[in-house]
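Here is how the chains run, residue by residue.
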Amino acid sequence: MMLIFVVLFFLKIINFFYISQSYQNLLNYLHQIDKMLKNLINLLFPKLCCGCEALLLQNEQIICAECRHNLPLTNHHLMKDNYTSKKFNGLIPIELGVSMLYFHKEGIVQNLIHNLKYKNHQEIGTFLGNWYANDLENIIAVYAISEIIPVPLHEKRLNERGYNQVTTFCKALSENLGIHHNETILKRIIYSKTQTKKNKQAREELKNSIFDVSFTEADYGKHFLLVDDVITSGATLEACARALLKIPYAKISILTIAYSDS
Ligand SMILES: [Zn+2]
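Residues numbered from 1 in each chain as written. Predicted model: local features only at pLDDT ≥ 70, side-chain atom pairs only at ≥ 80, totals over all residues.

Caption draft 1: Quick peek at the sheet that holds strand S7 (residues 251-259). The strand order S1-S7-S6-S2-S3 describes an open sheet built from five strands, whose pairing is parallel. This sheet does not close on itself; its edge strands, each paired only once, are strand S1 (97-102) and strand S3 (180-181). In the sheet, strand S6 (residues 223-231) pairs with S7 via eight bridges, with the strands oriented parallel. Directly across from Asp228, in S7, lies its bridge partner Thr256. The strands touched by helix H10 (residues 235-244) within the sheet are S6 and S7, with S6 carrying the most contacts at an inclination of about 165°. (Pairing = 2+ DSSP bridges. Helix = DSSP H or I, 4+ residues; strand = E, 2+ residues; numbered from the N terminus. Contact = placed C-beta atoms within 7 Å. Axes fitted to C-alpha atoms, helices over the stretch in contact; angles between N-to-C directions.)

Caption draft 2: Representation of the nonpolar core within the structure. Core analysis: the biggest nonpolar cluster contains 51 residues, and Phe169, Leu225, Leu226, Val227, Cys240, Leu244 and Ala258 have the highest contact counts within it. Contacts of Ala258, omitting those with residues within four sequence positions, involve Ser99, Met100, Leu101, Tyr102, Phe103, Val109, Ile113, Asp229 and Val230. (Core = buried A, V, L, I, M, F, W, Y, C linked by C-beta atoms within 7 Å. Buried ≥ 20, exposed ≤ 12 C-beta atoms within 10 Å, placed from the backbone.)

Caption draft 3: Representation of unusual backbone geometry in the model. A positive phi angle, near 60°, is found at Asn75, a position not held by glycine. Its location among the elements puts Asn75 in the loop between helix H3 (65-70) and helix H4 (83-86). Positive phi values are uncommon outside glycine, yet Glu106 reaches one of about 70°. Tracing the chain through its elements places Glu106 in the loop between S1 and helix H5 (108-118). The exposure class of Glu106 is exposed, given the 6 C-beta atoms found within 10 Å.

The following block contains the structure:
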């Protein structure tokens, strides 16, 4: 198959040199060569759906049409008292809490998050951010958000991974909604491999000191939209919010790509 493409490609080039008579011919041949090269690249490096690993068709980007159709959207933005906002009831005051998708084990969303977080498929964040910004446009305008803040990684983790998995998602939200994206105000100051093995009391103590905030008077009264990939217990987002709430008159909203029950 590949050999056929290569042979055809060279035949086309030879054909072009002998037959092309006009500028229009030149353009047509260049277009055909471009198309053949793309087919050849697709054949050598097939693009797979980041949701189900099916081969992507030429007009499909990032995820296939079926996964796009089956994305489990929560529609949290249409109901104020939703699962995500309820996680913070009685813990911290939040203005708005929303998640874009439901996270199911072995599902499309788990694959998307895995590819985004560990496989350097940062374009997934851009794709989802563009999509969600469109859904949120009206509601975000009502809440007058001042800044979008991604949950920060510790510097050591950032160096290991090379990127924060929510950065492209935040940037897409920021560009579409016209809200400043701030990656410097909040810092993760404690590096922890995992929090799951620590006992409840240790987790409580850690929660209050894991993040640090640096601010000036210009940040007083701002409404911060905290963004993370998946919300499970909500402990990390709560810790971030507590740090940001040290800023006088600050308001907090929470947004995640996915919502998980467990
Ligand atoms: Zn798919």
